[in-house]
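# Structural description and commentary
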Amino acid sequence: MTAPETQRAVTRRYERLSHIYDAYTQPMEWMGGSRRRRRLLAGAAGTVLEVGAGTGASLPHYPEGVDLVALDIAAGMLARARRRAERGGVDVGLVQGDAHRLPFADGTFDTTVATCVFCSVADPVRGLAELARVTRPGGRVLLLEHVRPRSRLLGRLFDWLSPLTRRLFGPAINRRTEANARAAGLDFVAVRAEGVWREIHARPGNPAARD
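Described in the following lines is the structure provided in the data block. Everything quoted here is computed from the prediction, not taken from an experiment.

## A closer look at helix α4 (residues 124-133)
Residues spaced three or four apart along an α-helix point in a common direction, a consequence of the helix completing one turn every 3.6 residues. Among the 10 residues that make up α4, eight are buried, leaving the element largely enclosed by the rest of the structure. Turning to α4, its buried residues number three or more, namely P124, G127, L128, A129, E130, L131, A132 and R133. Buried residues belonging to α4 abut β1 (47-51), β4 (109-115), β5 (135-146), α6 (177-183), β6 (186-194) and β7 (197-204).

Encoded structure:
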């Protein structure tokens, strides 16, 4: 397992960047991020947990009628998510917590969500297993993530750049999130691939696979 200090360092970066986070991620939203969020989150239903909610970029895209909880490890991010929810009239419970140790009982939620999160979690397999754990049997796990390119040349480039993006901004850009999700015991229902982007619809598998 990755040392806890590594996640603390990542959290400090996100706290430091929280006041400019929306500005530097806005180009990603313009280039299809918002469209992908809307498409993915159309599948959310019932009681919903979003892990790594950040400044709340996904909050306006949830269907009406969901019972929503949003969790993030960085207090600065949650403060901005709260303001966004208030401006947009979004009813959401905000919780500060760590994706490695979600403060919820097994099978609490009908749907769990993460968008652009597991590039930053120190131990992504453990975090994904926690997402599966708190999803009820037969429930939905919805993921929007960027992954390491399949191209050999681009893959090596992303491997070379990833330590720099990790130190400066928090995310690793060469994560193999599809493989990590399967290692965490998730069963895939559907995957939409667009370049380095993956929209993953999954369900929690056999809990023994996550032990």
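## A closer look at the environment of R82
Within the secondary structure layout, R82 lies in helix α3 (residues 75-88). Its relative accessible area of 40% is what places R82 among the partly exposed residues. Placed 11 residues apart in sequence, R82 and G93 show a C-alpha to C-alpha distance of 9.1 Å.

## What to know about the nonpolar core
Soluble, globular proteins show a tendency: their nonpolar side chains are buried together. L49, F104, F118, L143 and L186 are the most contacted members of the largest nonpolar core, which has 25 residues in total. Of all the secondary structure elements, the ones that give two or more residues to this core are β1, β2 (67-72), β4, α4, β5, β6 and β7. Per element, the largest residue contribution to this core is four residues, and it comes from α4. Beyond its immediate chain neighbours, meaning those up to four positions away, L186 contacts L128, A132, V141, L143, A181, A202, R203, P204 and G205. With 17 residues, the next largest nonpolar core counts L40, A44, A53 and V113 among its residues.

## Concerning the pattern of salt bridges
All told, the structure shown has 11 salt bridges when counted by the stated rule. Two residues, R39 and E199, come together in a salt bridge whose shortest N-O distance is 2.4 Å. One end of the pair, R39, is in helix α2 (residues 21-41); the other, E199, is in strand β7, and 160 residues separate them in sequence. Classification of E199 by relative accessible area gives buried; the value is 4%. Taking the shortest distance from any N to any O, the salt bridge between E194 and R192 comes out at 3.4 Å. The exposure class assigned to R192 is partly exposed, which follows from its relative accessible area of 40%. Residues joined by salt bridges that share partners form a network here, namely R35, R36, R39, R192, E194 and E199.

Calculation criteria
Residues numbered from 1 in each chain as written. Predicted model: local features only at pLDDT ≥ 70, side-chain atom pairs only at ≥ 80, totals over all residues. Heavy atoms only, no water. Buried < 20%, exposed > 50% of the residue type's maximum accessible area, 1.4 Å probe, protein only. Helix = DSSP H or I, 4+ residues; strand = E, 2+ residues; numbered from the N terminus. Contact = heavy atoms within 4.5 Å. Core = buried A, V, L, I, M, F, W, Y, C linked by side-chain atoms within 4.5 Å. Salt bridge = Lys/Arg side-chain N within 4 Å of Asp/Glu carboxyl O.

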